[in-house]
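These are the residues of each chain, in order.
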Amino acid sequence: MVEKIKVERFTCWYYDVLALQAITLAVHEHEILGIIGPANSGKTSFIRSLNRLNDLNLTFRKQGTVLLDGKDIYAMNPEALRRRVGMVFAMPLSLPMSVYDNVAYGPRRHGRRGKKRLDETVEKALVAASLWDEMKDRLSDSALKLSGGQQQRLCLARTLAVEPEVILFDEPCSGLDPISTAKVEETMLELKQKYTMVLVTNNIKQASRVSDRTAFFLSGELVEIDVPSRLFVTPRDKRTEDYVTGRFG
Amino acid sequence: MKRLFDWIIERFIFLCGILAVIFVALIFLFLLREGVSFFGSYSPIKFVGGIYWYPTSDPPQFGIISLIVGSLFVTVLAACLAIPLGVATALFIAEIAPRWLKDVLKTVIELLAAIPSVVIGFIGMVTLVPLVRQALNLPTGLSAFSGALMLGFMALPTIVTISEDAIRTVPWSYKEGAIALGATRWQTMYRIILPAALPGILGAVMLGVGRVIGETMAVMMITGNAAHIPGSVFDPVRTMTATIAAEMGETVRGSPHYEALFAIGLVLFVITFIVNFTADTFLRKARR
Ligand SMILES: Nc1ncnc2c1ncn2[C@@H]1O[C@H](COP(=O)(O)OP(=O)(O)OP(=O)(O)O)[C@@H](O)[C@H]1O
Ligand SMILES: [Mg+2]
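As the structure is a prediction and not an experimental result, all values here were calculated from the model.

Student: Got a minute to help me understand the packing of helix α3 (residues 65-96) of chain B against helix α6 (residues 144-168) of chain B in this structure?
Tutor: Two packed helices can be described by the angle between their axes and the distance between those axes. All names here are of chain B. Remark: α3 packs on α6, axes separated minimally by 6 Å, with the N-to-C direction vectors making an angle of 35°. In this structure, α3 meets α6 at a crossing whose hand is right-handed. Each residue belonging to the contact of α3 with α6 can be placed in one class, and the counts come to 23 nonpolar, 5 polar and 2 charged.

Dropping the structure here:
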């Protein structure tokens, strides 16, 4: 097992409010790490720390380290880091431009010019996000006109077009119907060959369906991390058991 | 009860809207009436195409080309100064400045908007005009350039405040989405925030430029009021608004001169209307 991301005693605050408490865990290469937990347990804070998106929040403070391929991400250039660690948000928020421009946005910012190469990148990303068939005749439509499920896969395509190594998902299916959800899940499983993924989800069933290992967060603490067949069936911690059997949260 | 209240409010708002339209229509009709009676005795072609504005000679000449050019010089130059500076300032306040500086700047700029234009004109006359004369070694500092500097300054608060609003209301998620793709702060501002805020920024620019076109007191005090076609922006000019303001008091009601001033008003109205209409069409396209 290659440890793609290694988080060591990571603690963070907003103002003085503790959001994460000494989290230590590793994300293995080519796995889908699921993260579950009730509201305000720190799931979002955690994955936004992995691509330093929390840096935008001026009240955010942190301690501890996050290593990507053994290198401290907080010592890296944040833009370069975010190119390697992409993110798909809860709200499928397309940028206010055409489908094509949305997908081409990242590559263009990173200096990729030339229509032919861009066309290829866009097509590849849309294919990988299982959106090519639906979009190939609508590339110049405004992305804001797509359905929620399509927009979410468009956001995924946009992220893929940057060719990251890791993709973070923050409740990517929370606003989607079951069919769109199934499509996104299917896509994620296909992407596993090439990418390392972290999936935050409120849906325990989803975590057990797609993740290779699942971590349970509670009040900013990592309670337990294990393969789903154990975490959901024979958890070691009482709190995990209570949560996965629906007794709270 | 609630129904009745809703009904009353609805009618009231409707009435306000209609009244605004009626007022504008009445103003237009009034201008049109005075203007048309002027064109009964003076050829509109000679009016719009004439170079000489000698309202008191015999026979009087009412050619407004030099006034139109004067207005154009001052307005365009002021807009060229105020728009980039204003939008950049708005971007700085909304996106870059730390909290305390943001508050300071916003307060100062709002104060600026509250200064009456006579005061700005006066300050410009005693400070800016001599400065321009010395710095550029001109025979007089009273020029289109000085006027444009002052007017650009006056349009700034409008442009900054409204653009800043527009920039601030760009959804945070657009920003985050771009940043998460590895865009830098500057790329995000330039490629995402500015385009998304463009309709609002255009509105701000229109209002600001509207203030410049309609401004009277300050231009009258600073531009030198020479009714001739300027050779450069450093020449004295006279604008349409300044002409109306300066001469209205000396005319006899109902005289050709008096009516000619109304005709200038009509031309101003039409120009403003065209500018607004163009901006509106453009805005609607941008919003789509
Ligand atoms: N921008 C912020 N400013 C201040 N406090 C925040 C901010 N974001 C999160 N918090 C706080 O940090 C804690 C963890 O929140 P976080 O959003 O990480 O939880 P979550 O597990 O993602 O919750 P949810 O399931 O509702 O998305 C909460 O107590 C929350 O109130
Ligand atoms: Mg969350």
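Student: How should the sheet that holds strand β10 (residues 221-226) of chain A be read in this particular structure?
Tutor: By way of backbone hydrogen bonds, the strands of a sheet pair with one another, either parallel or antiparallel. All names here are of chain A. Strand order across the open sheet formed by 6 strands is β6-β7-β8-β3-β9-β10, with mixed pairing between neighbours. Each edge of the sheet is formed by a strand with only one pairing partner; in this case those strands are β6 (85-88) and β10. Within this sheet the neighbouring strands show an average axis-to-axis angle of 20°, counted without direction. Relative to strand β8 (residues 196-200), strand β3 (residues 32-36) runs parallel, the two sharing 4 bridges. Each residue of the ladder has a partner; that of Leu 33, found in β8, is Val 198. Strands in contact with helix α6 (residues 148-161) are β6 and β7 (166-170); relative to β6, the strand with the most contacts, it is inclined by about 170°.

Student: Looking at this model, I keep getting lost on the domain arrangement of chain B. Mind explaining?
Tutor: Buried accessible area, meaning the area lost when the parts come together, often serves as the stated size of an interface. Residue and element names in this part refer to chain B. Along its sequence, chain B is carved into domain 1 (1-40) and domain 2 (43-287). For domain 1 and domain 2, the distance between their C-alpha centres works out to 27 Å. Of the residues lining the interface, 10 residues belong to domain 1; the matching set on domain 2 comes to 12 residues. Summed over both sides, the interface between domain 1 and domain 2 buries roughly 1100 Å², with carbon and sulfur atoms accounting for 83% of that surface. Of all residues in domain 1, Leu 31, Phe 38 and Phe 39 give up the largest surface area on contact with domain 2, accounting jointly for 56% of the area buried on that side. Linking domain 1 to domain 2 there are 1 residue pair in polar contact (both at pLDDT 80 or more). Looking at side-chain class alone, the side of domain 1 that touches domain 2 contains 7 nonpolar, 2 polar and 1 charged residues.

Student: I tried to follow the interface of chain A and chain B on my own but got confused; where do I start?
Tutor: Each side of the interface is counted separately: chain A has 23 residues, and chain B has 17 residues. In this assembly, chain A packs against chain B so that about 1700 Å² is buried in total across both faces, 67% of it on carbon and sulfur atoms. If you sort the residues of chain A by the area they bury against chain B, Leu 56, Tyr 105 and Arg 109 of chain A come out on top, with a joint share of 32%. Summed over the shared surface of chain A and chain B, the number is 1 salt bridge. Counting across the interface, chain A meets chain B through 4 residue pairs in polar contact (both at pLDDT 80 or more). For the side of chain A that touches chain B, a count of residues per class yields 12 nonpolar, 5 polar and 6 charged.

Student: Got a minute to help me understand the side chain of Lys 175 of chain B in this structure?
Tutor: Position of Lys 175 of chain B among the secondary structure elements: in helix α7 (residues 172-180). One polar contact links Lys 175 of chain B to Glu 95 of chain B, side chain to side chain, over a distance of 3.1 Å.

Reading the values: the criteria
- Residues numbered from 1 in each chain as written.
- Chains lettered and ligands numbered in written order.
- Predicted model: local features only at pLDDT ≥ 70, side-chain atom pairs only at ≥ 80, totals over all residues.
- Heavy atoms only, no water.
- Axes fitted to C-alpha atoms, helices over the stretch in contact; angles between N-to-C directions.
- Helix = DSSP H or I, 4+ residues; strand = E, 2+ residues; numbered from the N terminus.
- Left-handed = near helix turned anticlockwise from the far one by under 90°.
- Nonpolar A, V, L, I, M, F, W, Y, C, P; charged D, E, K, R; others polar.
- Pairing = 2+ DSSP bridges.
- Contact = heavy atoms within 4.5 Å.
- Domains from an automatic or database assignment.
- Buried area = accessible area lost by both parts, 1.4 Å probe.
- Polar contact = N/O pair within 3.5 Å; in protein donor to acceptor, adjacent residues only side chain to side chain.
- Salt bridge = Lys/Arg side-chain N within 4 Å of Asp/Glu carboxyl O.

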